[in-house]
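Chain residues, written in single-letter form:
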Amino acid sequence: MLQENVNLKPFNTFGITVHSEFFAPFTSVNELKSLLSELKTKPLLILGGGSNVLFQSDYNGVVLRNEIKGIELIEESDKDVTLKVGAGIVWHDLVLHAIKNNWGGIENLSLIPGSVGASPMQNIGAYGVEIKDVFDSLEALEIATKKLKTFTHEECQFGYRESVFKKELKNKYVITSVTFKLSKSPVLNTSYGAIEEELKARDISQPTIKDVSDAIISIRQSKLPDPKKIGNAGSFFKNPVIPLKQYLKLQLRYSEIPAYKVDEQNVKVPAGWLIDQSGWKGKTFGDFGVHKRQALVLVNYKDATGKEIYDLSENIIQDISERYGINLEREVNIIH
Ligand code: FAD
Ligand code: EPU
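Within each chain, residue numbers correspond to sequence positions counted from 1 in written order. Labels follow written order: the first chain is A, the first ligand is 1, and so on. Only residues with pLDDT of at least 70 get local features here, since the model is predicted, and only at 80 or more are side-chain atom pairs given and counted; chain-wide, interface and lining totals rely on the full set of residues. Only hydrogens and water are removed before side-chain values are computed, so all heavy atoms of the structure are retained for them.

1. Considerations on the overall build of the protein
Part 1 of the argument: Strands here mean DSSP runs of E at least two residues long; helices mean DSSP runs of H or I at least four residues long; both are numbered from the N terminus. When helices and strands are counted, the protein shows eight helices and 20 strands.
Part 2 of the argument: Relative to the compact-globule value of 20 Å for 336 residues, the protein shows a C-alpha radius of gyration of 20 Å, a close match.
Part 3 of the argument: In terms of overall dimensions, the protein has a C-alpha envelope of 60 × 50 × 35 Å along the principal axes.
Part 4 of the argument: A 1.4 Å probe rolled over the protein chains alone gives each residue an accessible area, and that area as a share of the maximum for its type sets the label: buried under 20%, exposed over 50%, partly exposed in between. Looking at the protein as a whole, 49% of its 336 residues qualify as buried.
Part 5 of the argument: We call two residues in contact whenever any of their non-hydrogen atoms come within 4.5 Å of each other. Put simply, 59% of the contacts in the protein that link residues at least 6 apart link residues at least 24 apart.
Part 6 of the argument: Looking at the protein as shown, the accessible area adds up to about 16,400 Å², and 49% of this sits on carbon and sulfur atoms.
Part 7 of the argument: For the protein, the distance from the average site of its 41 positive side-chain charges to the average site of its 42 negative ones is 3 Å. C-alpha atoms define the radius of gyration, and 2.2 Å times the number of residues to the power 0.38 defines the globule rule. Residue-level accessible areas treat just the shown protein chains as cover; the underlying method is Shrake-Rupley with a 1.4 Å probe. Here Asp and Glu are counted as negative and Lys and Arg as positive; His is not counted, and neither are the chain ends. A single reference atom marks each charge: NZ on Lys, CZ on Arg, CG on Asp, CD on Glu.

If you want it as structure tokens, here you go:
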């Protein structure tokens, strides 16, 4: 049902107060199709959990909130299960469902906020796993033609916090379901140092997928602010990938600068370290600032505007560029 002049504060984890001209939840592909017919010429924004968006101003158009539910077991073998999941399912609910059934593959992605439908958008990732590792295919409705199309793994062009839906196909498709392949004999990925430490602290030597999930939940809760208490959208910037040569030069001046190998020529540098070292961590300007435990997270303590947070991100980008010659790229989707 189409609602008018809706306050979007409850629908974005930054907790920014802006209004959308129109707002409509949809629970099925057919409902989505009729809304699209009704709204032909209006600008559209598809919203899931609103945990990776920053609104700059009121939205002059229609916000369509994806609430398509359902988890369907479509194939099962001795080794794995294939699940078709409605785009409106909460991501962490899917993780809990998988853990309950001892299906492995997404336990490292525990507690990432948001919807299943948004998970391929930026190929969500954490603790050494990305959804591309368990992704089979997805269905999406083309807005212009109202036709459903199946996208294969290759067609999604997954990269680090990237997919075709953030690039060429931005705002052209509504993802309606995602199909994943999960393993019945899970191989645990505890290579991220912090996971091993957390398991050790809990005296667990032979972890189950639930143990790994619990450890990750605890690490995340200790580092990241809970959006229910402090408005935020997780990492505001991506970790920059830079040429190894540039890194080695930087290391001469900043001997402590951390990096992770990407390939023979490139390394990834933690943006959180760059921002932290530049003195931004914990800085507060009125209602907004840089989180005190994680410099990669910008926060809204109360009633900040999207513009204030965007301007802060501009200042950080400029400062990091001047100090290190590295251009930070925003991970969060800026909505105008
Ligand atoms: P939204 O914010 O609603 O939308 C994000 C973008 O996707 C928008 O451009 C929107 O238009 C588009 N979109 C949404 N749904 C659809 C759809 N069905 N079809 C087409 N387009 C769509 N991300 C990580 O990768 N790893 C992390 O560890 C992580 N940690 C986080 C921790 C916190 C505390 C927070 C607040 C965020 C974190 N994030 C993380 C970011 C966020 O959780 C993910 O990007 C998540 O996938 C966003 O889902 P959403 O449903 O909230 O998307
Ligand atoms: N660091 C600092 N100071 C800080 C923050 C980080 O020095 O304030 C340095 C430390 O050296 C630390 C390193 O940065 O070892 C990495 O920090 P952390 O392990 O917290 O991870 P991150 O790089 O900040 C990334 C993802 C997160 C994901 C975690 C765990 C990106 C942009 N962010 O964060 O994803 O949960 O790793 O895998 O890749 C998100 O995308 O929203 C998100 C939260």
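2. Some points on the pairing of strand E10 (residues 135-142)
Side-chain positions along a regular strand alternate between the two faces of the sheet.
Part 1 of the argument: By the bridge criterion, seven bridges tie E10 to strand E12 (residues 173-183) in an arrangement that is antiparallel. Looking across to E12, one finds that glutamate 142 is bridged to tyrosine 173.
Part 2 of the argument: The pairing criterion for strands is at least two bridges between them, as found by DSSP. Where E10 lies against strand E11 (residues 148-152), five bridges are found, and the strand directions are antiparallel. Looking at E11, one finds that alanine 140 is bridged to lysine 149.

3. Digging into the domain arrangement of the protein
Part 1 of the argument: Note that the domain bounds were set by an automatic or database domain assignment. Looking at the assigned domains, one finds that the protein contains domain 1 (3-66), domain 2 (71-183) and domain 3 (231-335).
Part 2 of the argument: Its C-alpha centre places domain 1 at a distance of 21 Å from the equivalent point of domain 2.
Part 3 of the argument: Across the contact, 13 residues belong to domain 1 and 13 residues belong to domain 2.
Part 4 of the argument: Contact between domain 1 and domain 2 buries roughly 1,100 Å² in total, counting both sides, with carbon and sulfur atoms accounting for 71%. Buried area: the accessible surface (1.4 Å probe) lost by two parts on joining, summed over both.

4. Regarding the environment of lysine 184
Part 1 of the argument: Position of lysine 184 among the secondary structure elements: in the loop between E12 and helix H4 (193-201).
Part 2 of the argument: Sequence spacing of lysine 184 and alanine 233 is 49 residues, and the spatial spacing of their C-alpha atoms is 33 Å.
Part 3 of the argument: Of note is the side chain of lysine 184, whose polar atom sits 3.0 Å from the backbone oxygen of serine 77. We call two N or O atoms a polar contact when they sit within 3.5 Å, provided that within protein one can donate a hydrogen and the other can accept it, with sequence-adjacent residues counted only if both atoms are side-chain atoms.

5. Some details on the sheet that holds strand E2 (residues 19-26)
Within a sheet, neighbouring strands are paired by backbone hydrogen bonds and run either parallel or antiparallel to one another.
Part 1 of the argument: Spatially, the four strands line up as an open sheet ordered E1-E2-E5-E3, and their pairing is mixed. Whereas interior strands pair on both sides, the edge strands pair on one side only; in this sheet they are strand E1 (3-7) and strand E3 (44-47). Going across the sheet, the axis of each strand differs from the next one's by a mean of 40°, ignoring polarity.
Part 2 of the argument: Here E2 pairs with strand E5 (residues 59-66) via six bridges, running parallel. When the bridges of E5 are listed, alanine 24 appears paired with leucine 64.
Part 3 of the argument: Orientation is described by axes fitted as lines to C-alpha atoms, over the contacting stretch for helices, and by angles from 0 to 180 degrees between their N-to-C directions. In this fold helix H1 (residues 29-38) packs onto E2, E3 and E5, with an angle of close to 145° to the strand it touches most, E2.

6. Looking at the packing of H4 against helix H5 (residues 209-223)
Part 1 of the argument: One can describe the packing of H4 onto H5 by two numbers: an axis separation of 9 Å at closest approach and a directional angle of 105°. The pairing of H4 with H5 is recorded here as roughly perpendicular in orientation. Where H4 approaches H5, its residues Ala194, Ile195, Glu198 and Leu199 are matched on the opposing element by Asp211, Val212, Ala215, Ile216, Ser218 and Ile219.
Part 2 of the argument: Throughout this entry, Asp, Glu, Lys and Arg are counted as charged residues, while Ala, Val, Leu, Ile, Met, Phe, Trp, Tyr, Cys and Pro are counted as nonpolar. The remaining residues, Gly among them, count as polar. Along the lines of polarity and charge, the residues of the contact of H4 with H5 split into seven nonpolar, one polar and two charged. Any angle between 65 and 115 degrees counts as roughly perpendicular, while under 35 counts as roughly parallel, over 145 as roughly antiparallel, and the rest as oblique.

7. Concerning the site of ligand 1
Part 1 of the argument: In this text, near means that some heavy atom of the residue lies within 4 Å of the molecule or strand in question. In the region of ligand 1, 33 residues are neighbours, and Ile46, Gly48, Ser51, Ser115 and Arg220 sit closest.
Part 2 of the argument: Within the backbone of glycine 50, an N or O atom sits 2.9 Å from an oxygen atom of ligand 1.
Part 3 of the argument: Taking serine 115, its side chain carries an N or O atom lying 2.6 Å from an oxygen atom of ligand 1.
Part 4 of the argument: Contributions of two or more residues to the shell around ligand 1 are made by E3, strand E8 (125-126) and E12.
Part 5 of the argument: Considering only residue class, the shell around ligand 1 consists of 16 nonpolar, 15 polar and two charged.

8. Quick look at the packing of aromatic side chains
Part 1 of the argument: Each Phe, Tyr or Trp ring, with Trp reduced to its six-membered ring, pairs with another whose centre is within 6.5 Å; inter-plane angles below 30 degrees give stacked pairs, above 60 give edge-to-face pairs, and intermediate values give tilted ones. This model, assessed by the stated rule, comprises 13 aromatic pairs.
Part 2 of the argument: Both rings, one in phenylalanine 165 and one in tyrosine 173, keep their centres 6.5 Å apart while their planes meet at 80°; by these two values the pair is edge-to-face. A single burial state applies to phenylalanine 165 and to tyrosine 173, both of which are buried.
Part 3 of the argument: Among the aromatic residues, those joined into a cluster by ring pairs are Phe14, Phe236 and Phe237.

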